[in-house]
Amino acid sequence: MSFLRADLAQLKAYVSHPGGTTAQQVDILDTNESPYDLPLALKEKLANYYTEAIATNRYPNGSHHRLKSLIATYASTSAHLTTNFSEANISVGNGSDELIRSILIATCLGGEGSILVADPTFSMYRILATTLGIPSITVERNPKDFSIDLTKAQAAIAQTKLPPVKVIFVVHPNSPTGQCLTDAEITWLRSLPENILVVIDEAYYEFSQQTLAAEIVTRPNWLILRTFSKAFRLAALRVGYAIAQPTVIQALEKVRLPYNLPSFSQQAATLALENTDYLLGVIPEIQAEREHLFTELQHINKLHTWPSDANFLHTRLKPIDQPQEQQLAHLVETLKTEGTLIRHTGGGLRISVGTPQENQRTLVRLKNFVKLLP
Ligand SMILES: *Cc1c(COP(=O)(O)O)cnc(C)c1O
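Please read all numbers here as calculations on a predicted model, not as lab measurements.

Visitor: Could you give an account of the site of the ligand, naming the residues involved and the relevant values?
Guide: Surveying the vicinity of the ligand reveals 13 residues, the closest of which are Ser96, Tyr204, Thr227, Ser229 and Lys230. Between the ligand and aspartate 201, the relevant distance is 2.7 Å, taken from a nitrogen atom to a side-chain nitrogen or oxygen of the residue. Surface burial for the ligand is 93%, taken as the share of its 390 Å² of free accessible area covered by protein chains. For the shell around the ligand, the leading source of residues is helix H3 (residues 95-107), giving 3 residues. Here the shell around the ligand is built from residues that sort into 5 nonpolar, 4 polar and 4 charged.

The following block contains the structure:
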């Protein structure tokens, strides 16, 4: 169809849980959500709010004042700030995916810039850039510890074939591999010129308890992304946020859709922040389960598993430098028919930490599969 952009022909629509499964009971461990639903008491509060306080004929609040102010306080506490962030430091999006798109629109659109990522990493940066016709430059990571090849990254910034690099996206800790940024990487990011926006995606902050949010105070070219989709158990309701200096926030606010966040979602995120202790009370269990799963995976001889600061683990078949995509695809399909969904990505497997029962089933099914390998 000639009215469509020619370059869209190469793109595929994003599918989560591709292919489905016929298993009766399914352990969803391929999307890094919390294994726990919102507690019933909070769902009932939300339901009451919906009945009593939301007029569905009215547009939602498009300024997000109350939510932004709660986020500013939460983010300031996490960064141990003496002077708190204010609403002017926060923008909220329909998931952090929307914010990623806003960042790209505000920086690179119209041939003005390229983005830089280090593979393997979260695929959405490149996917969204491509849909906007924005070029991406990809550098490698060290295959042993997934640290970024900083020499290549520095060279990529100096390139002159593509529009200049305007944004660098890093995940802290990285998905799908699980590690926080190293000291060398942080030092390098700090050394970048102010005409490059440094986006630190802290989607897994609550699991790692490591944040660079305090850097925002002194760095006009840094932005922290966070989400309610993981530790706060609100993936279904799509709320993410950005922390940055007011000039960057104002740019994001200019390019976003006016009513980007439904009233119900705003209220759910508000309620989550009013109940952080309750909701985040399971984080120590998830961290302990991650360590347990890590130890058990290490005992599987045919697998190499990396330590993780997030709520998922990255593992590969040994030897890790041999092609294994076909075997991994077969493994993922086999586990799927048994009722465990895990993700084949970034040259390995990404396994979300679930409930203790789910993790136990994952281990049994993985062991059974690798036992049959030659
Ligand atoms: C899950 C995840 C997000 C969250 O995206 P939402 O759109 O907020 O659900 C963001 N960044 C990374 C790296 C993630 O893994």
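Visitor: Can you break down the sheet that holds strand S8 (residues 240-244) residue by residue, with the values?
Guide: The 7 strands lie next to each other as S2-S8-S7-S6-S5-S3-S4, forming an open sheet whose pairing is mixed. The open sheet is flanked by strand S2 (90-93) and strand S4 (136-139), the only strands paired with a single partner. Pairs of neighbouring strands in the sheet enclose a mean axial angle of 20 degrees, with direction left out of account. Pairing of strand S6 (residues 197-201) with strand S7 (residues 222-227) involves 4 bridges; the strand directions are parallel. Along S7, the bridge assignment pairs aspartate 201 with leucine 225. Strands in contact with H3 are S2, strand S3 (114-118), strand S5 (165-171), S6, S7 and S8; relative to S7, the strand with the most contacts, it is inclined by about 155 degrees.

Visitor: I'd love a proper account of the packing of aromatic side chains, names of residues and values included.
Guide: Evaluated as defined, the whole model comprises 9 aromatic pairs. Ring plane angle 75 degrees and centroid distance 5.4 Å describe the contact between tyrosine 50 and phenylalanine 264, whose orientation is recorded as edge-to-face. With a gap of 214 residues between them, tyrosine 50 in helix H1 (residues 40-53) and phenylalanine 264 in helix H9 (residues 263-274) connect regions that are remote in the sequence. Here phenylalanine 146 and tryptophan 306 contribute two aromatic rings whose centre-to-centre distance is 4.8 Å and whose plane-to-plane angle is 50 degrees, an arrangement assigned as tilted. Taken together, the residues phenylalanine 146 in the loop between S4 and helix H5 (150-158) and tryptophan 306 in the loop between strand S9 (303-305) and strand S10 (312-317) connect sequence positions 160 residues apart. Note on accessibility: phenylalanine 146 and tryptophan 306 belong to one class, buried. In this structure, arginine 219 is placed above the aromatic ring of tryptophan 222, and the distance from its NZ or CZ to the ring centre is 5.4 Å.

Visitor: Let's hear about the environment of isoleucine 243: which residues, and what values?
Guide: For isoleucine 243, the location among the structural elements is in strand S8. Along the backbone, isoleucine 243 and alanine 75 are 168 residues apart, and their C-alpha atoms lie at a distance of 8.1 Å. Residue contacts for isoleucine 243: discarding those within four places in its chain leaves Ala75, Phe85, Asn89, Ile90, Ala213, Ile216, Trp222, Leu223, Ile224 and Ile249.

Visitor: Outline the environment of alanine 13, supporting the account with residue identities and numerical values.
Guide: Locating alanine 13 in the fold gives a position in the segment before strand S1 (27-28). Separated by 222 residues in sequence, alanine 13 and alanine 235 have C-alpha atoms that sit 20 Å apart.

Visitor: So what's going on with the pairing of S6? Residues and values would help.
Guide: Judged by how many residues are buried, S6 sits mostly within the fold: 5 of 5 residues are covered. The alternating pattern of S6 places Leu197, Val199 and Asp201 and Val198 and Ile200 on opposite faces, both of which are buried. Pairing between S5 and S6: 5 bridges, direction parallel. Each bridged residue has a counterpart across the sheet, and for isoleucine 168 the counterpart in S6 is valine 198.

Visitor: Please give an account of the nonpolar core that cites residues and values.
Guide: Leu116, Ile168, Leu189, Ile200, Phe228 and Ile243 are the most contacted members of the largest nonpolar core, which totals 84 residues. The biggest single contributor to this core is helix H2 (residues 65-78), with 6 residues. Residues lining this core come from more than one domain, with at least three contributed by each of domain 1 (21-39 + 282-371) and domain 2 (43-278). Filtering out sequence-adjacent residues up to four positions away, isoleucine 200 remains in contact with Val170, His172, Leu181, Leu189, Leu212, Trp222, Leu223, Ile224 and Leu225. Judged by nonpolar contacts, the second largest core, of 24 residues, contains Leu104, Ile115, Val117 and Ala244.

Visitor: Describe unusual backbone geometry, listing the residues and the values that go with them.
Guide: Residue proline 120 follows aspartate 119 across a cis peptide bond; omega there is -5 degrees. Relative to the helices and strands, proline 120 resides in the loop between S3 and helix H4 (124-131). Residue lysine 318 is joined to proline 319 through a cis peptide bond whose omega torsion reads -5 degrees. Secondary-structure assignment places proline 319 in the loop between S10 and helix H12 (325-338). Even without glycine at this site, asparagine 32 takes up a positive phi of about 60 degrees. With respect to the helices, strands and loops of the structure, asparagine 32 is situated in the loop between S1 and H1. For histidine 80, which is not glycine, the phi dihedral falls at a positive 50 degrees. For histidine 80, a relative accessible area of 71% puts it in the exposed group.

Reading the values: the criteria
- Residues numbered from 1 in each chain as written.
- Predicted model: local features only at pLDDT ≥ 70, side-chain atom pairs only at ≥ 80, totals over all residues.
- Heavy atoms only, no water.
- Near = heavy atom within 4 Å.
- Polar contact = N/O pair within 3.5 Å; in protein donor to acceptor, adjacent residues only side chain to side chain.
- Areas by Shrake-Rupley, 256 points an atom, 1.4 Å probe, with all protein chains shown as cover.
- Helix = DSSP H or I, 4+ residues; strand = E, 2+ residues; numbered from the N terminus.
- Nonpolar A, V, L, I, M, F, W, Y, C, P; charged D, E, K, R; others polar.
- Pairing = 2+ DSSP bridges.
- Axes fitted to C-alpha atoms, helices over the stretch in contact; angles between N-to-C directions.
- Contact = heavy atoms within 4.5 Å.
- Phe/Tyr/Trp six-rings, centres within 6.5 Å; stacked < 30°, edge-to-face > 60°.
- Buried < 20%, exposed > 50% of the residue type's maximum accessible area, 1.4 Å probe, protein only.
- Lys NZ or Arg CZ within 6 Å of the ring centre and 35° of its normal.
- Core = buried A, V, L, I, M, F, W, Y, C linked by side-chain atoms within 4.5 Å.
- Domains from an automatic or database assignment.

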